[in-house]
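So the chains spell out like this:
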Amino acid sequence: MNGTANDPKIIDGKAFAAGLRARIAEIVAGLKQQHDLTPGLAVVLVGEDPASQVYVRSKGKQTQETGMNSFEHKLPAETAQADLLALIDKLNNDPAVHGILVQLPLPKQIDEQSVIDAIDPAKDVDGFHVINAGRLATGGAAMVPCTPLGCLMLLQDRLGDLSGMAAVIVGRSNIVGKPMAQLLLGANCTVTIAHSRTRDLADVCRRADILVAAVGRPEMIKGDWVKPGAAVIDVGINRIDAGGDKPKLVGDVDFAGAHENAAAITPVPGGVGPMTIAVLLRNTVVAACRQAGIAEPDL
Ligand code: NDP
């Protein structure tokens, strides 16, 4: 196993995300100059979940660093669903806001689906609205969920044209597994979606030229499940007790074992994770251009 910064097998999501943010900043500067348009992202946080607070802070900071407007709305944990829906309605109608993100999970008195349904699909930069899921499935101009789009960007950057490749995605959630499958299908892969009821999962994985793990189970995908020469994308973020003072962050893939067989692999941390916010910013720029009737930048 190597896994260092100089290791040619490593897909460096941190570096790719930094490059994407730099391109976004250039495009934002051009939009301001040529169209008097400053894309704006509103992030809504309900409650005080520590992990969510960290995510929201990073989103706000990176939004501002790329020259966009960041609007943060922090509501108390006991907020009623009707009050959150009223805020979303206000943001839907605010011309300075081009993207709306409601940080999940929400407190239990609020129905997440009702909240997602209330966001204007044109401003749904998370791509979770059913209209955007439908557009993605039917090849329309969707807002695409950030994490899977980030994975696709990393794969295309490393492998170029993905046509004809066998892709296996382990996990079928609406936010990662399913949109990932749609994106890889759109890129002309032959796609298999595996899940908790899949038989002979190891054999299914061994057929993959591209193996995407989005399971939420630490190091579940073993090294000998990886076909020699495959590209492995590890979406998993799991905190495990490794005996130190802080929990250790690991993916869904046994990195050391998979690294032996893979031709390319994302590490955890530093692989898929940094892509999610960078793609959120990209989606906000795309949403702003669509809303203003300006040609979409190639991002
Ligand atoms: P979900 O819990 O919503 O989905 C997990 C999926 O894995 C389900 O489809 C489930 O199958 C499947 N699964 C569970 N156990 C097994 C098993 N033993 N064998 C095969 N499949 C199994 O998770 P998410 O999709 O939301 O997230 C997946 C991982 O990605 C998590 O670690 C999460 O933290 C991480 N993540 C990372 C992001 C990032 O920014 N990098 C963003 C989003 C998520 P079934 O449907 O049959 O139950």
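S.K.: Just checking my understanding: could you explain the overall build of the protein for this structure?
M.R.: Within the protein one finds 10 helices and 10 strands. Against the compact-globule benchmark of 19 Å for 299 residues, the protein has a radius of gyration of 19 Å, which places it among compact chains. Across its three principal directions, the C-alpha atoms of the protein cover 50 × 45 × 35 Å. Split into buried and exposed, the 299 residues of the protein put 47% on the buried side. Taking as baseline every contact in the protein between residues at least 6 positions apart, the subset at least 24 positions apart corresponds to 68%. For the protein, the computed accessible surface area is about 14,000 Å², with 50% contributed by carbon and sulfur atoms. Of the side chains in the protein, 28 bear a positive and 33 a negative charge, and the two mean positions are spaced by 2 Å.

S.K.: When you look at the sheet that holds strand β3 (residues 99-102) in this model, what are you seeing that I'm missing?
M.R.: Whenever strands of a sheet pair, they do so through backbone hydrogen bonds, lying parallel or antiparallel. On the basis of which strands lie adjacent, the open sheet formed by 3 strands has the order β2-β1-β3 and parallel pairing. Both edges of this open sheet fall to β2 (69-75) and β3, since each of them pairs with a single strand only. Across the sheet, the mean angle separating the axes of adjacent strands is 15 degrees when strand polarity is ignored. Relative to strand β1 (residues 40-46), helix α3 (residues 81-92) is tilted by about 180 degrees, and along the sheet it contacts β1, β2 and β3.

S.K.: I tried to follow empty space enclosed by the protein on my own but got confused; where do I start?
M.R.: Gaps left between atoms are located by rolling a probe of water-molecule size over the structure's atoms. All chains considered together, the criterion is met by 1 cavity of 30 Å³ or more. As for the largest cavity, its lining consists of Ile-100, Leu-101, Val-102, Leu-104, Ile-116, Ile-119, Asp-124, Asp-126 and Phe-128. Considering every element that reaches the lining of the largest cavity, the biggest residue donor is β3, with 3 residues. For the lining of the largest cavity, the class distribution of residues is 7 nonpolar, no polar and 2 charged.

S.K.: I'm lost on the sheet that holds strand β5 (residues 190-194) in this one. Help?
M.R.: An order of β5-β4-β6-β7-β10 is seen for the 5 strands of this open sheet, with the pairing classed as parallel. A strand with exactly one partner marks an edge of an open sheet, and here the two such strands are β5 and β10 (264-265). The pairing of strand β6 (residues 210-213) with strand β7 (residues 231-234) spans 4 bridges and is classified as parallel. Looking at the pairing, Ile-210 lines up with Ala-231 of β7. Lying on the sheet, helix α6 (residues 146-159) is in contact with β6, β7 and β10; it crosses β7 at an angle near 155 degrees. Running at roughly 170 degrees to strand β4 (residues 166-170), helix α7 (residues 177-186) makes contact with β4, β5 and β6 of the sheet.

S.K.: Got a minute to help me understand the domain arrangement of the protein in this structure?
M.R.: Where interface size is given, it is often the accessible area lost as the parts come together that is meant. By the assigned domains, the protein splits into domain 1 (34-135) and domain 2 (146-274). If you average the C-alpha positions of domain 1 and of domain 2, the two centres end up 28 Å apart.

S.K.: How do you make sense of the site of the ligand when you look at a structure like this?
M.R.: Neighbouring the ligand are 22 residues, the closest being Arg-172, Ser-173, Ser-196, Arg-217 and Thr-276. Within the backbone of Val-235, a nitrogen or oxygen atom sits 3.5 Å from an oxygen atom of the ligand. At 2.8 Å, a side-chain N or O of Thr-276 approaches an oxygen atom of the ligand. Across the shell around the ligand, the residue classes tally to 10 nonpolar, 10 polar and 2 charged.

S.K.: Would you take a moment to explain the environment of Gln-64 for this structure?
M.R.: Here Gln-64 lies in helix α2 (residues 50-65). On the basis of relative accessibility, which here comes to 53%, the residue Gln-64 falls in the exposed class. Expressed as a C-alpha distance, the spacing of Gln-64 and Ala-25, which sit 39 residues apart in the sequence, is 9.6 Å.

S.K.: I tried to follow the packing of helix α1 (residues 13-35) against α6 on my own but got confused; where do I start?
M.R.: Angle between the axes and distance between the axes are the two parameters that describe a pair of packed helices. Relative to each other, α1 and α6 sit at 100 degrees, their axes nearing to 11 Å. Overall, the two elements α1 and α6 adopt an arrangement that is roughly perpendicular. For the pair formed by α1 and α6, the contact residues are Gly-13, Phe-16 and Leu-20 on the first element and Met-153, Leu-154 and Asp-157 on the second. Partitioning the contact of α1 with α6 into residue classes produces 4 nonpolar, 1 polar and 1 charged.

S.K.: Looking at this model, I keep getting lost on the state of the cysteines. Mind explaining?
M.R.: Covalent bonding between the sulfur atoms of two cysteines is what defines a disulfide. Here the structure, examined in full by the defined rule, presents 0 disulfides. The thiol of Cys-151 is unpaired, and the distance to the nearest cysteine sulfur, on Cys-146, comes to 11 Å. Under the relative-accessibility criterion, Cys-151 is labelled buried at 0%. Here Cys-205 stays unpaired: no disulfide links it, and the sulfur of Cys-151, its closest cysteine neighbor, is 15 Å away.

Cut-offs applied
- Residues numbered from 1 in each chain as written.
- Predicted model: local features only at pLDDT ≥ 70, side-chain atom pairs only at ≥ 80, totals over all residues.
- Heavy atoms only, no water.
- Helix = DSSP H or I, 4+ residues; strand = E, 2+ residues; numbered from the N terminus.
- Rg over C-alpha atoms; globule rule 2.2 N^0.38 Å.
- Buried < 20%, exposed > 50% of the residue type's maximum accessible area, 1.4 Å probe, protein only.
- Contact = heavy atoms within 4.5 Å.
- Areas by Shrake-Rupley, 256 points an atom, 1.4 Å probe, with all protein chains shown as cover.
- Lys, Arg positive; Asp, Glu negative; His and termini not counted.
- Charge placed at Lys NZ, Arg CZ, Asp CG, Glu CD.
- Pairing = 2+ DSSP bridges.
- Axes fitted to C-alpha atoms, helices over the stretch in contact; angles between N-to-C directions.
- 1 Å grid on protein atoms, 1.4 Å probe; cavity = no way out; pocket = protein on both sides within 12 Å on 5 of 7 lines; lining within 4 Å.
- Points joined across faces, edges and corners; volume = space filled by probe spheres on them.
- Nonpolar A, V, L, I, M, F, W, Y, C, P; charged D, E, K, R; others polar.
- Domains from an automatic or database assignment.
- Near = heavy atom within 4 Å.
- Polar contact = N/O pair within 3.5 Å; in protein donor to acceptor, adjacent residues only side chain to side chain.
- Parallel < 35°, antiparallel > 145°, perpendicular 65-115°, else oblique.
- Disulfide = S-S within 2.5 Å.

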